[in-house]
Amino acid sequence: MPFPFALFRGRLTLVCLAGALMSSAIAVQADTCPAPGQWLQPEGAPVAPDTLLAELAERDVVLLGEQHDDVDHHRWQLHTLAGLHGRRPDMVIALEMLPREAQPALDAWVAGELGEQAFIDESRWNTAWGFDPALYFPILHFARLHQVPLKAINVTPELRGRLVEEGWEAVSESERFGITAPADAPAAYRERLAEVYARHPSRGDEAGLERFIDAQLVWDRAMAHGLAEAGKEADLVVGLIGQGHLQFEHGVPHQLTALGVEEHTTLLPWAVGGDECELPPQNIARAVFTFDESRYEVVPPMQLGVYTTPHELGVEIHAILEGSVAEQAGLEAGDIILKAAGETLARPTDLTGLVRQQRPGTLLPLMIRRNGDDREVLARFPSRSTREVEE
């Protein structure tokens, strides 16, 4: 689902904030639309690539933002990685995409011991992340080609939930990988998170907002801690992270500073062209790279159209979007999805990952339990031409 969180029954499940927080950034209107393919400093002053890269190569941590499903963002990240690697080859690439449990798979990948499908399986990519791994394989192959270590810096939703609900002292240091409690959020960050929370149709009360902010801080702190640890192994750490965690130095950058890592900087992608003719606002990042995304058709990922919560038997449907694939398949609130495509579900991200793998015009078999009875439901995803007409 394209929402940054779901809050049900007092439990908080987070997904990416990249798009949600970027949309809340206040931009400066440009007299003329900035040209694509250039580096801009906040409020529009251009900066030469060689000048910028030389500066970045002197930092300890460089953070490259992304919208996870935008292929051009990943191409830009790869080109920037190559430029930095040419200046400072003792590098580590840190990934938001995978929790620390996936580190053995990353090590085996860089060592050349796994093929692509084996890596996807051993890292549990499709359930840990869900976005198409093909978007990331050029970067993963770059790392293997140049023997650049890859580091998993995220944590599982289960650990994130425990830290929010039980508290940091209730979770042993080893279970939380030595991650320490986060620094307080800047007031402006809290305001932005509150705006995101308020837009969600299933938002809760003030206590729910606090849980949401606490969970976001766990996420930011976990990644900052992973970046700081990776910095002990190399001269330069480059983090690939959703842009909502990086804007205005509020999320991961703020936690890095609190951990004593001062020499860090942030770069972001910035859409121009079409109706997007705004300059980046002051202090959003060190610099942005401009894309003319109006020239490309962005195909959204498949969506089932459900709000879900964890259940001991699988994933429980809390609500269904009107006109969605789920509604057309006859799914109902209260249904428990036991399996999808024959795979047992343990958490909502398992379902999300399988749905994102669906191709237009295909069927996804779901085994559900309704009122104590098990039955199979076929979710039919529209063909591409049908989606174009609907949109």
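Above: the structure in question.
Within each chain, residues carry numbers counting from 1 in the order of the written sequence. Totals for whole chains, interfaces and linings use every residue, but because this is a predicted model, local features are given only for residues with pLDDT of at least 70 and side-chain atom pairs only at 80 or more, for both listing and counting. As a rule here, side-chain values come from all non-hydrogen atoms in the structure, and water together with hydrogens is ignored.

## A look at the packing of helix H4 (residues 103-110) against helix H5 (residues 116-123)
Defined as follows: Think of each axis as a best-fit line through the C-alpha atoms, taken over the contacting stretch in the case of a helix, with angles from 0 to 180 degrees between the N-to-C directions. Here a strand is any run of E in DSSP of at least two residues, a helix any run of H or I of at least four, and the numbering for each starts at the N terminus. For classification, angles of less than 35 degrees are called roughly parallel, those exceeding 145 degrees roughly antiparallel, those between 65 and 115 degrees roughly perpendicular, and all remaining angles oblique. In this scheme the handedness of a crossing depends on how the near helix is turned from the far one: anticlockwise by less than a right angle means left-handed, clockwise means right-handed. Contacts are residue-level and defined by heavy atoms, with any inter-residue pair within 4.5 Å sufficient.
Here H4 crosses H5 at 165°, and the two axes come no closer than 8 Å. Relative to H5, the element H4 is oriented roughly antiparallel. Judged by the twist between their axes, the crossing of H4 over H5 is right-handed. Residue-level inspection shows Ala105, Leu106 and Trp109 of H4 in contact with H5, the latter providing Glu116, Phe119, Glu122 and Ser123.

## Remarks on the environment of Phe177
Position of Phe177 among the secondary structure elements: in the loop between helix H8 (157-165) and helix H9 (187-199). Expressed as a C-alpha distance, the spacing of Phe177 and His225, which sit 48 residues apart in the sequence, is 9.4 Å. Sequence-distant contacts of Phe177, that is, excluding residues within four places in its chain, are made with Arg100, Glu101, Leu159 and His225.

## Things to note about the nonpolar core
Formally: We call a set of buried residues a nonpolar core when its members are Ala, Val, Leu, Ile, Met, Phe, Trp, Tyr or Cys and they connect through side-chain atoms within 4.5 Å of each other. Burial status follows relative accessibility: with a 1.4 Å probe on protein chains alone, a residue under 20% of its type maximum counts as buried, one over 50% as exposed, and anything between as partly exposed.
Core analysis: the biggest nonpolar cluster contains 45 residues, and Leu81, Ile93, Phe119, Leu150, Leu240 and Leu267 have the highest contact counts within it. Setting aside anything within four residues of it in sequence, one finds Phe119 in contact with Leu98, Ala105, Leu106, Trp109, Leu114, Trp125, Phe137 and Leu140. With 26 residues, the next largest nonpolar core counts Leu63, Met223, Trp270 and Val288 among its residues.

## Overview of the environment of Val110
Inspection of the secondary structure puts Val110 in helix H4. Using a relative accessible area of 9% as the deciding quantity, one classes Val110 as buried. Sequence separation of Val110 and Val148 is 38 residues, and the distance between their C-alpha atoms is 7.3 Å. Dropping the residues within four chain positions of it, Val110 is found in contact with Ala143, Arg144, Gln147, Val148 and Leu150.

## Thoughts on the pairing of strand S8 (residues 236-242)
This is how it is decided: Being paired, for any two strands, means DSSP has found at least two bridges between them.
In terms of burial, S8 is largely enclosed, as 7 of its 7 residues are buried. The pairing of strand S5 (residues 61-66) with S8 spans 6 bridges and is classified as parallel. Among the inter-strand pairings, Gly65 is bridged to a residue of S8, identified as Ile241. Sheet analysis places strand S6 (residues 91-99) next to S8, joined by 5 bridges and oriented parallel. Of the residues in S8, the one forming a bridge with Val92 is Val237.

## Side note on the pattern of salt bridges
For clarity, the threshold we go by: Throughout this description, the term salt bridge denotes a Lys or Arg side-chain nitrogen within 4 Å of a carboxyl oxygen of Asp or Glu.
Inspection of every chain in the model, using the stated rule, returns 14 salt bridges. Across the pair Arg75 and Asp72 runs a salt bridge whose closest N-O atoms are separated by 2.8 Å. Here Arg75 pairs with Asp72, and both are found in helix H3 (residues 71-87), just 3 residues apart, close to one helical turn. Classification of Arg75 by relative accessible area gives partly exposed; the value is 46%. Between Glu229 and Lys232 there is a salt bridge, with the nearest N and O atoms lying 2.9 Å from each other. Here Lys232 falls in the exposed class, since its relative accessible area comes to 64%. When salt bridges that share partners are traced, they join Arg124, Glu158, Arg347 and Asp350 into one network.

These results come straight from atomic positions and should not be treated as a statement about function.
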